[in-house]
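Given next are the chains, with one letter for each unit.
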Amino acid sequence: MKKLKARKLSRRSFLKSATLVAGGTALASAAGCASVDTSGEESSPEAEVPAGKVEVKKYYNYCRGNCGGSCPLEATVADGKIVRTKPVSFEGEAQVYQQGCIKGHTNPLRLYATNRILHPMKQTGERGSDNWEEISWDEATTIIAEKFKKAQAEYGPASIGFWQGSGNTANLLGGFDGYQFDNNNRAPSTGIAQERFLAKSGATIWSACHDIAQLYFQGTVLQAPYNSVEDFLNTKLFLVWGANPTDARRSQWTYMIKAKDAGAKIITIDPQFTNTAAHSDKWVPVRGGTDGALMLAMANYIVDHDMIDEKYLSTKSVAPFLIKDDMSYVRLSDLDLEPDKSKGADGNVTETDSPVVWDEDTESFVSHLAATKPAYTGITEAKGIQVQTVFDATMEEIKDFTVEYAAEECGIPVDDVVELAELYGTVKPCYIINSWGLEHYYNSWRLYYDLAFLASLTGNAQISGAGYQAGFSDFACSHWASPATINREDLFIEDAQSCKVISSERFVEIVESGKWAGEDFPVRVVYIAGANPVHSCCGGGYIRDAFDKVDFVCVADTWMTDSARYADLVLPVAASWENEDFNGGWMTQKAVEPAGECRPDIDILRDVASKMGYDDLYTKTNEEYLRTLLDTPENIEAGTAYDDYKAQGIIWKNFTPSDGNVVPEYNQYQRTQFYLEVVPPRDIYGQTFGRHDHMPFYEHAYEAYPGSPVAEKYPLFGISYHDNYQAQSLFAHNAWLDEFRSYEGEPFMRLHTQAAEERGIKTGDTVRVFNDHGSVTLKAIVTEGIRPDTVFLPHGWQGDEFIDGHPQFLQVPCPDPVTSNNNCNDYLVEVQKA
Amino acid sequence: MSMTRYGMVLNPNHCVACGSCAMACKCEHDTPNSVHYLEPKTTGGDVMFTPAGTYPDVTMGFYTLGCQHCENPACVEVCPVGATYKREEDGIVIQDTEICIGCKSCIAACPYGVRTYIEDPQWVLDFRSGDLSLPEHKEATVEKCTFCVDRIDRGETPACMEVCRFDARAWGDLDDPDSEVSKLIATHEVEQLLSEQGTNPNVYLIKA
């Protein structure tokens, strides 16, 4: 028998552990967080393990990292611990859909992290002081119930807010479903734990805003379609614009390299020389936040140089629709024409007052459905009504955004603008691969009109090999089985109250003013679960300060996050692999016992509910809830019921390779939309919209733009980067990843050689990056691979991993009036050697 | 019995130095802190993920670096105790830490810098992880890529090969014309790292 030698722990993990409780007391180090033996001596009792004959078990789950990948993982468990997680290997033809990345392997470190929260703890000093006292679950849930009841009685149920994120995407029993794309039409989540409590209490939902400009405006409002990822093989040109598929949309890269090998060209438009840019035929280093100017200059050039696909523009886009002075479409009834009639499958006839176009073939105003040759330009009057085509209105609105204007605004040569316009105007089919890199500026929501307009001009939509959004196409490659049906009955309760949904980017302004939409709106209690707003929402410093004006902040999380540090109470939540749950698509198998006193979110809310007198709120066991959801006759028949998922974790489907699906426009007009009659804001607070908010237009960002008054003090554009090593803050404090993603063990910023020389900075120097909002001190790397006026700042590391400060504190919440987006790159900085 | 000559073909045109293969290797072998048998690399600037050239005309390349399992390995020649040797049946360069005396001659001899002296191994986790059937790491020995010889002997794929999503790495028998690696070499222009050293690596890189 060979003895397993006890291990020496690194000084590194000792330091991390010590940092975590710094400022605390002996009590603090005994309480709460995962302990690491700091003696440097043998840290675990010697265990006898027969070499080569260790009994191991395999479990299946997916990587709950919220990078967008949701990659299936296989875990190996030995002696009650997960000793390995790795992406499930796809065999044969399915190999093309292989998932996983460097992060997935490191899930053991997430489970046995030094910053795990292991016990309920209350802050005994001021918020952020790290003076934690371990308390019992009974005391913790009693405190929460009392705070909730007090706020309800004194300020009403809406004064309690649940702050949601995507930190725990298995959310039937645990976690919280972060996104409400449309705050005005709240969709019930899949989460029983959260949904029942919200409906019972009438609490406010602080809705996630990350990437919401695209998700809401391009997805929900404009309803831009996207083809499946396999169709990438059919393109000639990729314009990678606000995306980094090599790192952040890896399933897309699989297909992009196949297309590239077959001769497709790649052009990357990005302020940074990304890994995708390095693999591209050309890098266009556009200034962040100015992409709209470039898009509209391309549009002007394409129109001026007769590169229009007139057939697409007139028959497949809204270009020929006629608009009146009040921005509404001229409809059949406006011209006393009969409504369109269509017969449904049920035999009933539906009448539609469709938009009207001028049909050149019949020389008459007719429904756009009837016209064979709609005129997209030159129509100024319809039976006495002054009108304009959408195309003409748009061209009038964008006329100032010339090639020369864009070159100046975007900080690139005129030749680059022309080259892009010529390519997009002549090479077809072409994909614009946009992800969420475009949309972290106050003006970003406008880009989705622009992209739809460009696609309408050139016909690069609704055909194979083309598209104007890449969407979630990397999810398309999953080939595991979803349940045949879902029984959602447990998501609804009888005496449900309605909940206000407000974008969390508005939290600071509401707390500061005490008002929302012209009414008093006290925020008294914030319960954060599956979210880390101080780290991941815009302007972490402002959010931290706003907490000071709230009575009670509670964070339920698996790890001690930046936000947890500023809470009054932290609650230990079971990690992925530590409890059984379901995310709507598949089960997450339980592989090991929860660490410390960790519990799933539902068990926490169960106790709080009972102490609030909601005795009838959670009447079933966790297994019973899962069985109600899954044990439908259809699922039992299809092999996708509870017992099937419990046994298999992931249920694989028969794999059939796809050549790619072309998805047509599915909005009410089935035409590419770059115009809206009514602009529907995600938050309604009395704002009004002008003419240029209805169609393509460029206006500069909030703080970060050429000529910004802030630039006099802070001339450098700050920008983050979605690389392969981070996913929000979910892989922070991960020593295995640090070996690959750090500069000598530390987080770093990047700046251009010229900016560095002007400031006497060399690679490896410690620098302070600052502005009026905040500062961060960290290592610097000097590179030619970034715009000279732009600096990269890392995202994903927690505050205690920096020498000082926090990059998130350089930002300011600046939600736009339409989408309330998290505009996290809209800031300027200065850098100096520390 | 026909002989096997295991080799690898890397494709820098697909590789993004994402490190998934390197992390798979690290986790499989439970290597001590900062010890990697396989490293993702970028070419261009002095620091990882920085390019060569002058803005905006810059370039950067990608590959991974581990033991080249050379035909004429410099390490084997200099090992005084026979701890490093080419396995007869398949040409894998073995490093046997039971025999190794930690003299570091092989580190000095290897032109690729892919061998690590394990002086005082430390780990983040306080229990063994990865493939628990592998031999334990020993102090004062030299380690390197094993070509996952244990996995190969069990009929499995090397850990790094299993996880690459981008067809950026392939392995197989270079002496078998029907193997994936032989076909790649036959249909692409390939190169070996530091071919002037005369080591004749069995790891080939497809030319950019």
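The coordinates are above.
Residues numbered from 1 in each chain as written. Chains lettered and ligands numbered in written order. Predicted model: local features only at pLDDT ≥ 70, side-chain atom pairs only at ≥ 80, totals over all residues. Heavy atoms only, no water.

Regarding its fold elements, chain A presents 25 helices and 36 strands. Since a compact globule built from 834 residues should have a radius of gyration of about 28 Å, the 28 Å found for chain A is in line with a globular shape. The 834 residues of chain A split such that 63% are buried. Counted over contacts in chain A with a minimum sequence separation of 6, partners at least 24 positions apart contribute 74%. In the structure as shown, chain A presents an accessible area of about 29,300 Å², 48% of it carried by carbon and sulfur atoms. Charge-centre separation for chain A: the mean point of 73 positive side chains lies 6 Å from the mean point of 118 negative side chains. (Helix = DSSP H or I, 4+ residues; strand = E, 2+ residues; numbered from the N terminus. Rg over C-alpha atoms; globule rule 2.2 N^0.38 Å. Buried < 20%, exposed > 50% of the residue type's maximum accessible area, 1.4 Å probe, protein only. Contact = heavy atoms within 4.5 Å. Areas by Shrake-Rupley, 256 points an atom, 1.4 Å probe, with all protein chains shown as cover. Lys, Arg positive; Asp, Glu negative; His and termini not counted. Charge placed at Lys NZ, Arg CZ, Asp CG, Glu CD.)

Let's shift gears to the environment of Phe582(A). All names here are of chain A. Along the polypeptide, Phe582 turns up in strand β28 (residues 581-582). The exposure class of Phe582 is buried, given its relative accessible area of 1%. Along the backbone, Phe582 and Pro120 are 462 residues apart, and their C-alpha atoms lie at a distance of 25 Å.

Before going further, it helps to examine unusual backbone geometry. Cis geometry marks the peptide bond from Lys428(A) to Pro429(A), where omega comes out at 5°. With respect to the element layout, Pro429(A) can be found in the loop between α14 (414-426) and β21 (430-433). A cis amide bond links Tyr55(B) to the next residue, Pro56(B), at an omega of -5°. Summarising the element assignment, Pro56(B) is placed in the loop between β3 (52-54) and β4 (57-59). One non-glycine residue, Gln670(A), lies in the positive phi region at around 55°. In this fold, Gln670(A) is placed in the loop between α23 (642-648) and β30 (716-719). Judged by its relative accessible area of 56%, Gln670(A) falls in the exposed class. In the Ramachandran plot, Lys104(B) falls in the positive-phi region, its phi being about 70° despite a non-glycine side chain.

Before going further, it helps to examine the sheet that holds strand β6 (residues 121-123) of chain A. Residue and element names in this part refer to chain A. Strands sit in the order β7-β6-β27-β26-β25-β8-β9-β22 across an open sheet of 8 strands; the sheet is mixed. On the outer flanks of this sheet lie β7 (132-134) and β22 (501-503), each paired with one strand and no other. Shown here is a sheet whose adjacent strand axes are inclined to one another by a mean of 20°, direction ignored. Pairing geometry for β6 and strand β27 (residues 569-572), over 2 bridges, is antiparallel. Paired with Met121 across the strands is Val570, a residue of β27. The strands touched by helix α20 (residues 601-611) within the sheet are β8 (160-164), β25 (525-529), β26 (552-557) and β27, with β25 carrying the most contacts at an inclination of about 155°. (Pairing = 2+ DSSP bridges. Axes fitted to C-alpha atoms, helices over the stretch in contact; angles between N-to-C directions.)

Below, the discussion takes up the environment of Pro108(A). Residues and elements named next belong to chain A. With respect to the helices, strands and loops of the structure, Pro108 is situated in helix α3 (residues 107-111). Look at Pro108 and you get buried, because its relative accessible area is 1%. Between the C-alpha atoms of Pro108 and Thr85, which are 23 residues apart in sequence, the distance is 6.8 Å.

Moving on, we get to the packing of aromatic side chains. By convention here, two paired aromatic rings are described through the distance between centres and the angle between planes. Residues and elements named next belong to chain A. For the structure shown, the criterion picks out 43 aromatic pairs over all chains. Considering the side-chain rings of Phe453 and Phe674, the 4.7 Å spacing of their centres and the 45° angle between planes classify their relative orientation as tilted. With Phe453 in helix α15 (residues 447-458) and Phe674 in the loop between α23 and β30, this pair connects stretches of sequence that are 221 residues apart. Take Phe453 and Phe674: they sit in the same class, and that class is buried. Through a chain of ring-to-ring contacts, the aromatic side chains of Phe148, Phe162, Phe197, Tyr527 and Tyr614 assemble into a single cluster. Positioned over the ring face of Phe731 is Arg110, at 4.3 Å from the centre of the ring. (Phe/Tyr/Trp six-rings, centres within 6.5 Å; stacked < 30°, edge-to-face > 60°. Lys NZ or Arg CZ within 6 Å of the ring centre and 35° of its normal.)

With that settled, consider empty space enclosed by the protein. What the rule picks out here adds up to 14 cavities of 30 Å³ or more. Quantified by volume, the largest cavity comes out at close to 190 Å³. Lining the largest cavity are 23 residues, with Cys67(A), Gly69(A), Cys71(A), Arg250(A) and Arg165(B) sitting closest to its centre. Listed by contribution, the elements that provide at least two residues to the lining of the largest cavity are α7 (245-248) and α8 (250-261) of chain A. Split into classes, the residues belonging to the lining of the largest cavity amount to 6 nonpolar, 10 polar and 7 charged. (1 Å grid on protein atoms, 1.4 Å probe; cavity = no way out; pocket = protein on both sides within 12 Å on 5 of 7 lines; lining within 4 Å. Points joined across faces, edges and corners; volume = space filled by probe spheres on them. Nonpolar A, V, L, I, M, F, W, Y, C, P; charged D, E, K, R; others polar.)

For the rest of this paragraph, the subject is the pattern of salt bridges. Residue and element names in this part refer to chain A. One pass over the full model with this rule turns up 58 salt bridges over all chains. Taking the shortest distance from any N to any O, the salt bridge between Asp416 and Lys282 comes out at 3.1 Å. Remark: Lys282 occurs in strand β12 (residues 282-284) and Asp416 occurs in helix α14; sequence separation between them is 134 residues. The partner of Glu338 in a salt bridge is Lys341, with the nearest N and O atoms 3.8 Å apart. Each member of the pair, Glu338 together with Lys341, is exposed. (Salt bridge = Lys/Arg side-chain N within 4 Å of Asp/Glu carboxyl O.)

Glancing now at the interface of chain B and chain A. If you look at the interface, chain B gives 55 residues, while chain A gives 67 residues. A buried area of about 5,300 Å², summed over both sides, lies between chain B and chain A, and 59% of it is on carbon and sulfur atoms. On the chain B side of the contact with chain A, Met23(B), Tyr55(B) and Arg165(B) bury the most area, a combined 17% of that side's loss. Where chain B packs against chain A, one counts 4 salt bridges. Residues Lys258(A) and Asp167(B) are paired through a salt bridge, measuring 3.8 Å at the closest nitrogen-oxygen approach. Counting the contacts that link chain B with chain A gives 20 residue pairs in polar contact (both at pLDDT 80 or more). Looking at the side of chain B that touches chain A, the elements with two or more residues in it are α1 (20-29), β2 (39-43), β3, β4 and α5 (159-163) of chain B. Considering only residue class, the side of chain B that touches chain A consists of 27 nonpolar, 15 polar and 13 charged. (Buried area = accessible area lost by both parts, 1.4 Å probe. Polar contact = N/O pair within 3.5 Å; in protein donor to acceptor, adjacent residues only side chain to side chain.)

The subject of this paragraph is the state of the cysteines. All names here are of chain B. Scanning the model with the defined rule gives 0 disulfides over all chains in all. Sulfur of Cys106: no disulfide; nearest cysteine sulfur belongs to Cys100 and is 6.2 Å away. A residue is classified by how much of its surface remains accessible, and Cys106, at 7% relative accessible area, is buried. (Disulfide = S-S within 2.5 Å.)

Turning next to helix α6 (residues 212-221) of chain A. Residue and element names in this part refer to chain A. For α6, a buried count of 8 out of 10 residues is recorded, marking the element as mostly surrounded by other parts of the structure. Considered for burial, the residues of α6 that qualify are Ile212, Ala213, Gln214, Leu215, Tyr216, Phe217, Gln218 and Val221. Residue Gln223 follows α6 closely and has a positive phi angle near 55°.

Attention now moves to the layout of surface pockets. The computed volume of the second largest pocket comes to approximately 830 Å³. Lining the second largest pocket are 39 residues; nearest its centre among them are Gln95(A), Val96(A), Cys164(B), Asp167(B) and Glu180(B). Breaking the lining of the second largest pocket down by element, the ones donating at least two residues are α8 of chain A together with β1 (6-10), α5, β10 (169-173) and α6 (180-187) of chain B. With 5 residues, the single largest contributor to the lining of the second largest pocket is α8(A). For the lining of the second largest pocket, the per-class residue count stands at 17 nonpolar, 11 polar and 11 charged.

Mapped onto the fold, Thr458(A) is located in helix α15. Beyond its immediate chain neighbours, meaning those up to four positions away, Thr458(A) contacts Ile302(A), Asp309(A), Tyr424(A), Gly425(A) and Lys428(A).

Turning our eyes to something else, we now look at the sheet that holds strand β12 (residues 203-206) of chain B. All names here are of chain B. Reading across from one edge, β10-β1-β12-β11 is the order of the 4 strands in this open sheet, with mixed pairing throughout. Each edge of the sheet is formed by a strand with only one pairing partner; in this case those strands are β10 and β11 (190-191). Both β1 and β12 contribute to a ladder of 3 bridges, which runs parallel. Residue pairing across strands places Met8 opposite Val203, the latter belonging to β12. Contacting β1, β10, β11 and β12, α6 crosses the sheet at an angle of about 115° to β10.

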